[in-house]
Amino acid sequence: VHGIFTVEKMEKKDNIIKSQINTLCELYKLQKEDIDEIRKVLSADTIQSSIGAGNLKLTSLVFPIKNTNQFYIPSLATPLETLEQPDFYVQLQNGTEKNSEKWIAYKQFLKNYKKLKDAKTTLAKHQLVSDLVKELSFIEDFIYGNNILHSECALTLSLLSLQRTSNDRVIKKVSQLYFNDYYTKKGKTVYESTYTAKSDGVQAGIKFRISYSNKGEEEKFEPTYFIKTHIYGSLLHGKGYCSEPAKIDLRELFIYKVLKYIGLGAKVHFYFDALSAGGLYIASQDLAFSKIWGRKKEFILYSKLAGDFKLKAKATGELVEERKGIIEVDVISRIMGLIDTISNTDNFGVVHCGSWQKWKIIDFRLPDGVFEEELYNQFLFGNSRYGVDDGSFIAGTIKNQDFCPQKIKIAAQFLSLIHISEPTRPRLISYAVFCLQKK
């Protein structure tokens, strides 16, 4: 009986869909491919329920593209609540009048996108993806300005995500949109933006400079941002290929913010390419930039200072401020389990501003494990899983046992600036800070 009821129910639904399609065919000169697309949409129970409840009009599923014999049919990737809002349909109708060329290009793009499923080889798939990225560049402004298409693309174009995030043109465009909006909302007058290629590291990215002034003032400020994909995002051309979009690791974003708030990191911005599933960008502000007109700041990588520090240490044995900076970088790296900081002299350095100086971490690799119980002893003896040159100034600071009392005093003073109560779970970063404070 249940089987007979199910068959009757399916036949009833099929008859309803046929009747709905016939109604649309009487109104519009639909092609076979249009009818096939509409049948897919109408087969969804959510669509039928919405039509039955009067929330969605049948005719709203077909949009004639003006001055052509073509139609746009929203896909099931478009959220139902979006389809049910009349003002979005007005927006679509306006779009057909003003952008018929881009509507046709968008339809062709979706058709070509479906070919990815039929690609026989990896090489063929990569070529299709490359072609699709070029096609998308022509219509992306059109998509950004249309909520329905935006929703549709965000859910269906995942295969293009890494290709887009590694594309300099896309990074430039998304960065310009973000920072123009950011500074405008802060009441600034925004001028031109300039870009240069990212020359180091493995993550795809660019060097971005924007020019702005405060309202009513003539002086222009020009902060530079070093922009890259997140740690599991696309790589620079020639440094590897990620075949599938990778998930964003929130630890990376958390660490960047913690470093900023405790004074050991740059100011950072996180923003997305709305057409990419994993298109998150991290923009670190140049540490030499100052919001105070006329103030001069300079950031120098440790790699450029190491030789000079080593010679001065041999001659005087002092350099207290420099050793203090090294210890602060070492302590926070151990607490957070950061890799590739103290052992990579291109990932940290010092900011100079007059007589003032402050050490900063500009890059790192994520921790590969949880908090280690022997963290305090490791700090005392200065061991490192990735090692430092025994003859270096760094080794003389973190491994020299004669310097251990001063090292403990500097670390205690630094940790006292991080106000934190005892956590309830022993595997959090805050627990590592708490334990070192107690020691």
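Right above here is the structure, for reference.
Conventions adopted
Residues numbered from 1 in each chain as written. Predicted model: local features only at pLDDT ≥ 70, side-chain atom pairs only at ≥ 80, totals over all residues. Heavy atoms only, no water. Pairing = 2+ DSSP bridges. Helix = DSSP H or I, 4+ residues; strand = E, 2+ residues; numbered from the N terminus. Axes fitted to C-alpha atoms, helices over the stretch in contact; angles between N-to-C directions. Contact = heavy atoms within 4.5 Å. Expected span 1.5 Å × (residues − 1). Buried < 20%, exposed > 50% of the residue type's maximum accessible area, 1.4 Å probe, protein only. Parallel < 35°, antiparallel > 145°, perpendicular 65-115°, else oblique. Left-handed = near helix turned anticlockwise from the far one by under 90°. Nonpolar A, V, L, I, M, F, W, Y, C, P; charged D, E, K, R; others polar. Patch = residues over 30% accessible without salt bridge, like charges linked within 9 Å, V, L, I, M, F, W, Y side chains within 5 Å. Areas by Shrake-Rupley, 256 points an atom, 1.4 Å probe, with all protein chains shown as cover. Salt bridge = Lys/Arg side-chain N within 4 Å of Asp/Glu carboxyl O. Lys, Arg positive; Asp, Glu negative; His and termini not counted. Charge placed at Lys NZ, Arg CZ, Asp CG, Glu CD. Polar contact = N/O pair within 3.5 Å; in protein donor to acceptor, adjacent residues only side chain to side chain. Core = buried A, V, L, I, M, F, W, Y, C linked by side-chain atoms within 4.5 Å. Phe/Tyr/Trp six-rings, centres within 6.5 Å; stacked < 30°, edge-to-face > 60°. Lys NZ or Arg CZ within 6 Å of the ring centre and 35° of its normal.

S.K.: What am I meant to see in the sheet that holds strand 9 (residues 298-301) here?
M.R.: Two pairing modes exist for strands in a sheet, parallel and antiparallel, and in both the strands are linked by backbone hydrogen bonds. An order of 9-10-11 is seen for the three strands of this open sheet, with the pairing classed as antiparallel. Where the open sheet ends on each side, the last strands, each with one partner, are strand 9 and strand 11 (356-361). On average, each strand axis in the sheet is inclined to that of its neighbour by 25 degrees, with strand direction left out of account. Here helix 13 (residues 320-336) sits on the sheet in contact with strand 10 (348-353) and strand 11, set at roughly 25 degrees to strand 11.

S.K.: Honestly, helix 6 (residues 100-113) in this entry has me stumped. Any pointers?
M.R.: Because each turn of an α-helix spans 3.6 residues, side chains separated by three or four positions end up pointing in the same direction. Between its first and last C-alpha, helix 6 extends 20 Å over 14 residues, near the 20 Å set by a 1.5 Å rise per residue. Turning to helix 6, its buried residues number three or more, namely Trp-103, Tyr-106, Lys-107, Phe-109, Leu-110, Asn-112 and Tyr-113.

S.K.: What is the right way to look at the packing of helix 13 against helix 16 (residues 404-416) in this model?
M.R.: Axes are the key here: two packed helices are described by the angle between their axes and the distance separating the axes. Two numbers describe how helix 13 lies on helix 16: the axes approach to 9 Å, and their chain directions differ by 65 degrees. Between helix 13 and helix 16, the angle is such that the two are roughly perpendicular. Along this stretch, helix 13 crosses helix 16, giving a crossing that reads as right-handed. Taking contact as the criterion, the partners of Lys-324, Ile-327, Glu-328, Val-331, Ile-332 and Ile-335 in helix 13 are, on helix 16, Lys-407, Ile-410, Ala-411, Phe-414 and Leu-415. Grouping the amino acids of the contact of helix 13 with helix 16 by side-chain chemistry returns eight nonpolar, no polar and three charged.

S.K.: Can you walk me through a positive patch on the surface in this structure?
M.R.: Residues Lys-186, Lys-260, Lys-267 and Lys-291 make up a contiguous surface patch of positive charge. Relative to the helices and strands, Lys-291 is located in the loop between strand 8 (280-285) and strand 9.

S.K.: Before we go on, may I ask you to explain the side chain of Asp-249 in this structure?
M.R.: Here Asp-249 lies in the loop between strand 6 (224-229) and helix 11 (250-261). At 2.9 Å, the side chain of Asp-249 forms a polar contact with the side chain of Arg-251.

S.K.: I keep staring at the nonpolar core and nothing clicks. Help me out?
M.R.: Nonpolar side chains tend toward joint burial in soluble globular proteins. Ile-326 and Phe-348 are the most contacted members of the largest nonpolar core, which totals 38 residues. Broken down by element, this core gets its largest block of residues, seven residues, from helix 13. Other than its neighbours up to four places away in sequence, Phe-348 contacts Phe-299, Leu-301, Tyr-302, Ile-326, Val-329, Thr-341, Ile-342, Trp-359, Lys-360, Ile-361, Ile-362 and Ile-394.

S.K.: Just checking my understanding: could you explain unusual backbone geometry for this structure?
M.R.: Glycine aside, residues mostly have negative phi, and peptide bonds are mostly found in the trans state. Not every positive phi belongs to a glycine, and Asp-340 is a case in point at roughly 70 degrees. Relative to the helices and strands, Asp-340 resides in the loop between helix 13 and strand 10.

S.K.: Just checking my understanding: could you explain the pairing of strand 10 for this structure?
M.R.: For a regular strand, the rule is simple: side chains alternate between the two faces of the sheet. Within strand 10, five of the six residues are buried, which leaves it mostly tucked inside the rest of the structure. The pairing of strand 9 with strand 10 spans four bridges and is antiparallel. Counterpart to Leu-301 in the pairing with strand 10 is Gly-349. Here six bridges tie strand 10 to strand 11, and the two strands are oriented antiparallel to one another. What sits directly across from Val-351, in strand 11, is Lys-358. Once strand 10 ends, the chain turns through two residues before running back antiparallel as strand 11, passing Gly-354 with a positive phi of about 65 degrees.

S.K.: What exactly am I supposed to notice about the packing of helix 6 against helix 7 (residues 122-144) here?
M.R.: At their nearest, the axes of helix 6 and helix 7 sit 10 Å apart, and the two run at 140 degrees to each other. It follows from the interaxial angle that helix 6 and helix 7 lie oblique. Here helix 6 runs over helix 7; the crossing is left-handed. Counting all contacts with helix 6, which are made through Glu-101, Lys-102, Trp-103, Ala-105, Tyr-106, Gln-108, Phe-109, Asn-112 and Tyr-113, the residues of helix 7 involved are Leu-132, Glu-135, Leu-136, Phe-138, Ile-139, Phe-142 and Ile-143.

S.K.: Explanation requested: the environment of Asp-308 in the structure shown.
M.R.: With respect to the secondary-structure elements, Asp-308 resides in helix 12 (residues 306-316). A C-alpha to C-alpha distance of 9.4 Å links Asp-308 and Phe-393, two positions 85 residues apart in sequence.

S.K.: Help me understand the packing of aromatic side chains, please; the structure alone is not making it clear to me.
M.R.: In this description, an aromatic ring pair is defined by two values, namely the gap between the centres and the angle between the planes. Across all of its chains, the model carries 23 aromatic pairs by this definition. Both rings, one in Tyr-178 and one in Phe-179, keep their centres 4.9 Å apart while their planes meet at 85 degrees; by these two values the pair is edge-to-face. With a relative accessible area of 24%, Tyr-178 lands in the partly exposed category. Judged by its relative accessible area of 0%, Phe-179 is buried. Residues Phe-221 and Trp-293 carry aromatic rings whose centres are separated by 5.6 Å and whose planes lie at 80 degrees to one another, so their mutual orientation is edge-to-face. Of this pair, Phe-221 sits in strand 5 (residues 220-221) while Trp-293 is found in the loop between strand 8 and strand 9, placing the two residues 72 residues apart along the sequence. Overall, the relative accessible area of 54% leaves Trp-293 in the exposed class. Connected via pairs of aromatic rings, a cluster forms that spans Tyr-178, Phe-179, Tyr-182, Tyr-183, Tyr-195, Phe-208, Tyr-212, Phe-221, Tyr-225, Tyr-271, Tyr-281 and Trp-293. In this arrangement the basic side chain of Lys-102 is found over the ring face of Phe-138, its NZ or CZ atom lying 5.3 Å from the centre. For the cation-ring pair, Lys-220 lies above Tyr-191, with the distance from its terminal atom to the ring centre recorded as 4.2 Å.

S.K.: How should I be thinking about the side chain of Arg-334 in this particular structure?
M.R.: Looking at the element boundaries, Arg-334 is found in helix 13. Separated by 3.0 Å, the side chains of Arg-334 and Asp-330 make a polar contact. Sequence-distant contacts of Arg-334, that is, excluding residues within four places in its chain, are made with Leu-375, Gln-378, Phe-379, Gly-382 and Asn-383.

The values reported here are purely geometric and, on their own, carry no functional implication.
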